[in-house]
Amino acid sequence: MARRTKKAEPTLETATAPRKPSRSARSTWKLMDRGSVVLGALLARRLSTGAWRVVTGKPAPTNSRSPEVATREAVVWAVVGGALVELVRMGTRRAAATYWVRSTGDLPPGMKRVRPGK
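Let me begin by describing the structure that accompanies this report. (Residues numbered from 1 in each chain as written. Predicted model: local features only at pLDDT ≥ 70, side-chain atom pairs only at ≥ 80, totals over all residues. Heavy atoms only, no water.)

### With respect to the nonpolar core
Step number 1: The biggest cluster of nonpolar side chains holds 5 residues, and these are Ala25, Trp29, Ala96, Ala97 and Trp100.
Step number 2: At the level of secondary structure, the elements contributing two or more residues to this core comprise α1 (23-56) and α2 (71-104).
Step number 3: If one sorts the elements of this core by residue count, α2 sits on top with 3 residues.
Step number 4: Beyond its immediate chain neighbours, meaning those up to four positions away, Trp100 contacts Ala25, Thr28, Trp29, Met32, Gly105, Asp106, Leu107, Pro108 and Pro109. (Core = buried A, V, L, I, M, F, W, Y, C linked by side-chain atoms within 4.5 Å. Buried < 20%, exposed > 50% of the residue type's maximum accessible area, 1.4 Å probe, protein only. Helix = DSSP H or I, 4+ residues; strand = E, 2+ residues; numbered from the N terminus. Contact = heavy atoms within 4.5 Å.)

### Some points on the packing of α1 against α2
The geometry of a pair of packed helices is captured by two quantities: the angle between their axes and the separation between those axes.
Step number 1: With their axes 7 Å apart at the nearest point, α1 and α2 run at an angle of 145° to one another. As for how α1 packs across α2, the hand of that crossing is right-handed.
Step number 2: Its residues placed into classes, the contact of α1 with α2 shows 18 nonpolar, 7 polar and 5 charged. (Axes fitted to C-alpha atoms, helices over the stretch in contact; angles between N-to-C directions. Left-handed = near helix turned anticlockwise from the far one by under 90°. Nonpolar A, V, L, I, M, F, W, Y, C, P; charged D, E, K, R; others polar.)

See below:
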């Protein structure tokens, strides 16, 4: 009996840059990309307010412009919140791009290879 070999799943290393993606592929990618940004924003908000509460024991400042919030607290909240938002946003967008590559075998429309030689 002949063995069936499992087809290798595409990865970021083996993905090829798309030649000319169809209109539906571009639309689908735009929808996935925007959805990942929205999901990342929602997750980041929850993560940053939760982390703030765990670390400080107080609720996160809701209005950093308020004179009732100390300047130091407002600055720390802006730095921590901004960093977490960007990290989560990057993670969700990378996850969407990785899913696209595994599903189609090509890079998402409009994305160019970083290292053309590989």
